[in-house]
Amino acid sequence: MSVGEIVERSPVGQSTVSHHLKVLAEVRFVLPDKQGTSTRYRVNRTCLTVFPDAVRAVLGEGEPPTPTPC
């Protein structure tokens, strides 16, 4: 999705969406794909597979997940 598509579907402004996507891209939770003058973002599926275990570990409900790069 592009920043504009995300903004259309949420109550959050463009600058906030752009900022959060930048942070998420830095940790590779989302993967940017430049297409001409715009950028489309997709969720890194590797992160989705380890996310539930990471949440449980943060909540103290299980063993910490084995670190894998997202």
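Residues numbered from 1 in each chain as written. Predicted model: local features only at pLDDT ≥ 70, side-chain atom pairs only at ≥ 80, totals over all residues. Heavy atoms only, no water.

Section: the confidence of the model for the protein chain
When pLDDT is averaged along the protein chain, the result is 87, and 87% of the positions lie at 70 or above. Across the protein chain, helix α1 (residues 3-8) holds the top mean pLDDT of 96, while helix α3 (residues 45-58) sits lowest at 80. (pLDDT = per-residue confidence, 0-100. Helix = DSSP H or I, 4+ residues; strand = E, 2+ residues; numbered from the N terminus.)

Comments concerning the pattern of salt bridges
For the structure on display, the rule yields 2 salt bridges. Across the pair Arg-40 and Glu-5 runs a salt bridge whose closest N-O atoms are separated by 3.1 Å. Taken together, the residues span a long stretch of sequence, with Arg-40 in strand β2 (residues 38-43) and Glu-5 in helix α1 at a distance of 35 residues. By relative accessible area, Arg-40 is classed as partly exposed at 30%. (Salt bridge = Lys/Arg side-chain N within 4 Å of Asp/Glu carboxyl O. Buried < 20%, exposed > 50% of the residue type's maximum accessible area, 1.4 Å probe, protein only.)

Describing α3
In this model, α3 (14 residues) spans 20 Å end to end at C-alpha, consistent with the 20 Å of a helix rising 1.5 Å per residue. Most pronounced at Phe-51, the bend in α3 amounts to some 40°, and the proline Pro-52 follows within four residues. For α3, the side-chain oxygen to backbone nitrogen distance between the N-cap and Thr-46 is 3.0 Å, and the N-cap itself is Asn-44. With its phi angle positive at about 75°, Gly-60 sits one or two positions after the end of α3. (Expected span 1.5 Å × (residues − 1). Bend = angle between axes of the 7 residues up to and from the residue. Polar contact = N/O pair within 3.5 Å; in protein donor to acceptor, adjacent residues only side chain to side chain.)

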